[in-house]
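Structural features, examined
Each chain, letter by letter, is given below.
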Amino acid sequence: MFVLLLGLLSLSQGQLTGYSAKTDPSLKLTPNRPIVKNPGEKDALITCVVENQGDFTLMWKKTSKIPNRDATVLSANTHMVTSDKRMKVMHATGGQVYVLRISNVTVFDTGNYFCEVNTDPP
């Protein structure tokens, strides 16, 4: 049995008011090929790299298996929103790399995972 996790990125488009191309938050292209884990491997790591994050929030999300439903928010920066204790975000303060770690991967973890920078806070 294999578990297939897809790591994808959601890239913001357009220019933010008050920012330049050099200071806009942006997501670098990170590997988005499928991460396949067999039962002998316990953890899955999915990487996201953000430049010029500033005070904006980076969120990890997982797409819904139900058509026409919004993606599930898993985290905001390193704060976990999901109640799934197997998930954790690893990030060095001031760094650009965020890693979503899913421990003890199961077939129920199959899906599309992506990071997103929220540039429009409520």
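The notes below deal with the structure included here.

1. Overview of the state of the cysteines
Enumeration according to the criterion identifies 1 disulfide in this entry. For C48, the disulfide goes to C115, at an S-S distance of 2.0 Å. Measuring the twist about the S-S bond at about 70°, one finds the C48-C115 disulfide to be right-handed. Highlighted residues: C48 in strand 4 (residues 44–51) and C115 in strand 10 (residues 111–118), separated in sequence by 67 residues. When its relative accessible area of 0% is taken as the criterion, C115 is described as buried.

2. Some points on the pairing of strand 10
Counting buried residues along strand 10, 6 of its 8 residues qualify, which places the element largely inside the surrounding structure. The pairing of strand 5 (residues 57–62) with strand 10 spans 6 bridges and is classified as antiparallel. Residue pairing across strands places K62 opposite Y113, the latter belonging to strand 10.

3. Looking at the sheet that holds strand 9 (residues 97–102)
Sheet strands line up and pair through hydrogen bonds in the backbone, either parallel or antiparallel. The strand order across the open sheet formed by 4 strands is 2-4-9-8, and the pairing between neighbours is antiparallel. Strands with a single pairing partner mark the edges of an open sheet, and in this sheet they are strand 2 (26–28) and strand 8 (87–91). Strand after strand, the sheet turns through a mean of 30° between neighbouring axes, direction not considered.

Thresholds, definitions, all that
Residues numbered from 1 in each chain as written. Predicted model: local features only at pLDDT ≥ 70, side-chain atom pairs only at ≥ 80, totals over all residues. Heavy atoms only, no water. Disulfide = S-S within 2.5 Å. Helix = DSSP H or I, 4+ residues; strand = E, 2+ residues; numbered from the N terminus. Buried < 20%, exposed > 50% of the residue type's maximum accessible area, 1.4 Å probe, protein only. Pairing = 2+ DSSP bridges. Axes fitted to C-alpha atoms, helices over the stretch in contact; angles between N-to-C directions.

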